[in-house]
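Each chain, written out:
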Amino acid sequence: MTEKIYLENPYLKELTAKIIKKEYSNSKFYITLNRTIIYPHLSGGQPMDKATINDFKVIDVYEENDEIIHVLEDNIHSNIVNMAIDWDTRFDHMQQHTGQHLLSAVIYKLYNANTIGMHIGRDYVYIDVAIPTLSENDVEKIERFANEIIYSNFPVKTYPIENKDIPSIPLRKLPTVDKNIRIVEIENVDITPCAGTHVRNIGEVGIVKIRKWERYKGNTRIEFVCGYRALKDYTLKNYHINNISTLLSSKDIDTYNAVKKLYDDCKLLEKELSDIKTELLKYQISDLISESYTKNNVKIVHKILYGFDLKMAKYAISHILAYSNTVCILCIVENQNKCHILMGRSENLDINMKEIFDSVISIINGKGGGTPELVQGGGTNTANITSLIEKSLELLEKRI
């Protein structure tokens, strides 16, 4: 059994230990030590530590049969080794994990709701709680209560218990194991089983800040950050809000209203522009039809359009094909390396436009698909657009 020093003293940054087993497999060395300060990769929500052994990077750490296995890509030749953890990562995990216990305890006290899942990610932490919905007032209440507890700076204690002790302890949740049960207690606040690393006093969590919350599988997922992560989050948001307020010549507290006005004005202008484009398109459709030619009583509309909006082109071809006995081929050149092709015919005609499309699309190194009535695609060889039009018309006229 490996002695888990990280549970006894999570503040210990370096330690010497003895190798008791070493195996080599899949180009990796699997090392078991008599003791370790490196927190392993477990099935729970806390990530493993970043660490080194004799200055070699530890790429994985996991628990197997009460032993902690350290995985390295480099061989260690000595029996006595020195290990070191990345303290910033360790303390971050301690802040986030203890903060999670605190937040879960507060939600349980305020709403009698259990935490049914948690995850400590690289940038944020989330918990899933058995509450169908939370309001902004609820979140403010939870945050206020949690941070008041942080400022009270209660001690955080860890200790083992036996199964027989469980009925006498007011646990927030029952342990998932029946041996080696370890308790994390925030004095006066919370008692819960946990095998993670935690701070010694709740004040070291610094602050708990809920970033967002949303419904998730009938429950509520709460995303939050603690300690230095919260400071980093606030620094980033303060930077952006100050830049936005400067850009809009408004106070930081008035930024939302300034952005809302800008957004509303933009939507209004977009609506006006859309109306103008739609009106202009009517004239453009008339021009397209007037430039068409007729063969065997079938009107053939074709055009290469530059800088034309694809959405508007689709609108145009749908209106053109509303006429009987009409075929339309539109090529929209977006830039020198990208173009779009629309081909269609009136509902009353029996011409397979997809066959024509499939026969010519390789001319522009393109692809696409559709139905015999309407087909759409695109390509990259815009220099051959004219050749594609000419070949399409040649195949079309043979079918009329």
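Residues numbered from 1 in each chain as written. Predicted model: local features only at pLDDT ≥ 70, side-chain atom pairs only at ≥ 80, totals over all residues. Heavy atoms only, no water.

### Some details on the overall build of the chain
Reasoning step 1: The secondary structure content of the chain amounts to eight helices and 21 strands.
Reasoning step 2: Here the chain has a C-alpha radius of gyration of 34 Å; the compact-globule value for 400 residues is 21 Å, and the former is much larger.
Reasoning step 3: Counting only C-alpha atoms, the chain reaches 95 × 55 × 40 Å along its principal axes.
Reasoning step 4: Here the chain, with 400 residues, has 42% of them falling under the buried criterion.
Reasoning step 5: Roughly 22300 Å² of accessible area belongs to the chain as shown, and the carbon and sulfur atoms make up 50% of that amount.
Reasoning step 6: A gap of 2 Å separates the mean positions of the 49 positive and 53 negative side-chain charges of the chain. (Helix = DSSP H or I, 4+ residues; strand = E, 2+ residues; numbered from the N terminus. Rg over C-alpha atoms; globule rule 2.2 N^0.38 Å. Buried < 20%, exposed > 50% of the residue type's maximum accessible area, 1.4 Å probe, protein only. Areas by Shrake-Rupley, 256 points an atom, 1.4 Å probe, with all protein chains shown as cover. Lys, Arg positive; Asp, Glu negative; His and termini not counted. Charge placed at Lys NZ, Arg CZ, Asp CG, Glu CD.)

### Observations concerning the nonpolar core
Reasoning step 1: Judged by nonpolar contacts, the single largest core of 33 residues is most densely connected at Leu102, Leu103, Ile107, Ile202, Val208, Ile222 and Phe224.
Reasoning step 2: Among the elements of the structure, helix H2 (87-111), strand S10 (125-129), helix H3 (136-152), strand S12 (181-186), strand S14 (208-216) and strand S15 (219-226) are those that each provide at least two residues to this core.
Reasoning step 3: The biggest single contributor to this core is H2, with seven residues.
Reasoning step 4: Setting aside chain neighbours within four positions, we find Ile107 in contact with Asn112, Ala113, Ile127, Val129, Ile131, Ile142 and Ile222.
Reasoning step 5: Listed in part, the 24 residues of the second largest apolar core include Val333, Phe357, Ile364 and Leu396. (Core = buried A, V, L, I, M, F, W, Y, C linked by side-chain atoms within 4.5 Å. Contact = heavy atoms within 4.5 Å.)

### A word on the sheet that holds S14
Reasoning step 1: Judged by pairing direction, the sheet is antiparallel, and its four strands sit side by side in the order S9-S10-S15-S14 without closing on themselves. Each edge of the open sheet carries a strand with a single partner, namely strand S9 (115-120) and S14. Ignoring strand direction, the axes of neighbouring strands in this sheet form an average angle of 20°.
Reasoning step 2: In this sheet, S15 lies alongside S10 in antiparallel orientation, the contact comprising five bridges. Bridge pairing links Tyr126 to Glu223 in S15.
Reasoning step 3: Against the sheet, H2 makes contact with S9, S10, S14 and S15, and its axis sits at roughly 140° relative to S15, the strand it touches most. (Pairing = 2+ DSSP bridges. Axes fitted to C-alpha atoms, helices over the stretch in contact; angles between N-to-C directions.)

### Considerations on the sheet that holds strand S11 (residues 156-161)
Reasoning step 1: Pairing is antiparallel across the open sheet formed by three strands, whose spatial order is S11-S12-S13. With partners counted over all chains shown, the strands left at the sheet margins are S11 and strand S13 (190-193), one partner each. If you compare each strand with its neighbour and ignore which way they point, the axes differ by 20° on average.
Reasoning step 2: Pairing analysis gives six bridges linking S11 to S12, with the strands arranged antiparallel.

### Things to note about the pattern of salt bridges
Where side chains of opposite charge bring their charged atoms close, a pairing between them can arise.
Reasoning step 1: Overall, the coordinates contain 27 salt bridges when judged by the stated rule.
Reasoning step 2: With a closest N to O distance of 2.7 Å, Glu63 and Lys4 form a salt bridge. Of this pair, Glu63 sits in strand S6 (residues 56-64) while Lys4 sits in strand S1 (residues 3-4), and the two are 59 residues apart along the sequence.
Reasoning step 3: A residue is classified by how much of its surface remains accessible, and Glu63, at 31% relative accessible area, is partly exposed.
Reasoning step 4: Through salt bridges with shared partners, a single network forms among Arg211, Lys212, Glu223, Asp233 and Lys237. (Salt bridge = Lys/Arg side-chain N within 4 Å of Asp/Glu carboxyl O.)

### Some thoughts on the packing of aromatic side chains
For any two aromatic rings, the description comes down to two numbers: the centre-to-centre distance and the angle of the planes.
Reasoning step 1: Within this structure, the stated rule accounts for five aromatic pairs.
Reasoning step 2: What links up through ring pairs into an aromatic cluster is the set Tyr11, Trp87, Phe91 and Tyr228.
Reasoning step 3: Taking the ring centre of Tyr126 as reference, the NZ or CZ of Arg221 above it sits at 3.8 Å.
Reasoning step 4: The ring of Tyr216 has Arg221 lying over it, and the distance from NZ or CZ to the ring centre is 3.7 Å. (Phe/Tyr/Trp six-rings, centres within 6.5 Å; stacked < 30°, edge-to-face > 60°. Lys NZ or Arg CZ within 6 Å of the ring centre and 35° of its normal.)

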